[in-house]
Amino acid sequence: MIYYMKDESRYIDFNTLKEKTKRSRTFLNQFLDRVEVRKIYYKNRLLFNYEDVVQNQEISKYF
């Protein structure tokens, strides 16, 4: 699993999240496109805040 650290926050990239959950891109996008999920770009990768992702009920059951 690939994590990125920035300012003591963990971030996870989309491809790692997709591999971990074994779900489709469309399924993940419906939960990750919300305003509550903090996102950053790092080296042309979209990264999602790990804590925000795990708070979601549908995605958290895969972790």
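See the structure above.
Residues numbered from 1 in each chain as written. Predicted model: local features only at pLDDT ≥ 70, side-chain atom pairs only at ≥ 80, totals over all residues. Heavy atoms only, no water.

## A closer look at helix α2 (residues 25-32)
For an α-helix, 3.6 residues make a turn, and residues three or four places apart therefore share a direction. Convention followed: Throughout this description, buried means an accessible area under 20% of the type-specific maximum (1.4 Å probe, protein chains only), exposed means over 50%, and partly exposed covers the range between. Labels follow the DSSP assignment, with helices taken as runs of H or I lasting at least four residues and strands as runs of E lasting at least two, numbered in each case from the N terminus. In this description, one arc is meant: the one made by directions from the helix axis to the C-beta atoms. Here, two residues are considered to be in contact whenever any of their heavy atoms come within 4.5 Å of each other.
Listed in full, the buried residues belonging to α2 are F27, L28, F31 and L32. End-on, the buried residues of α2 take up no more than an arc of 120°, which puts them together on one face. Elements that come into contact with the buried residues of α2 comprise α1 (14-21), β3 (39-42), β4 (45-49), α3 (50-55) and α4 (57-60).

## Notes on the pairing of strand β1 (residues 3-6)
To keep things clear, this is the line we draw: Between any two strands, at least two bridges found by DSSP are needed for them to pair.
Relative to strand β2 (residues 9-13), β1 is paired through four bridges, and the arrangement is antiparallel. Considered in β2, the bridge of Y4 is made with Y11. Once β1 ends, the chain turns through two residues before running back antiparallel as β2, passing D7 with a positive phi of about 50°.

## So, the packing of α1 against α2
Selection rule: Angles shown run from 0 to 180 degrees and are taken between the N-to-C directions of axes, each axis being a line fitted to C-alpha atoms and, for helices, limited to the stretch in contact. Left-handed describes a crossing whose near helix is turned anticlockwise from the far helix through less than a right angle; right-handed describes the clockwise counterpart. For this classification, Asp, Glu, Lys and Arg are treated as charged, while Ala, Val, Leu, Ile, Met, Phe, Trp, Tyr, Cys and Pro are nonpolar and the rest, including Gly, are polar.
Their axes nearest at 10 Å, the elements α1 and α2 cross at an angle of 115°. The interaxial crossing formed by α1 with α2 has right-handed handedness. Residues F14, N15, L17, K18 and T21 of α1 pack against R25, L28, N29 and L32 of α2. By residue class, the composition of the contact of α1 with α2 is four nonpolar, three polar and two charged.

## Some thoughts on the sheet that holds β4
Strand order in the open sheet made by the four strands is β1-β2-β4-β3, with antiparallel pairing throughout. One side of each edge strand has no neighbouring strand; the edge strands of this open sheet are β1 and β3. Here the strands of the sheet are splayed against their neighbours by 40° on average, with no regard to which way each runs. Contacts from α1 reach β2 and β4 within the one sheet, and its direction differs from that of β2 by about 75°.

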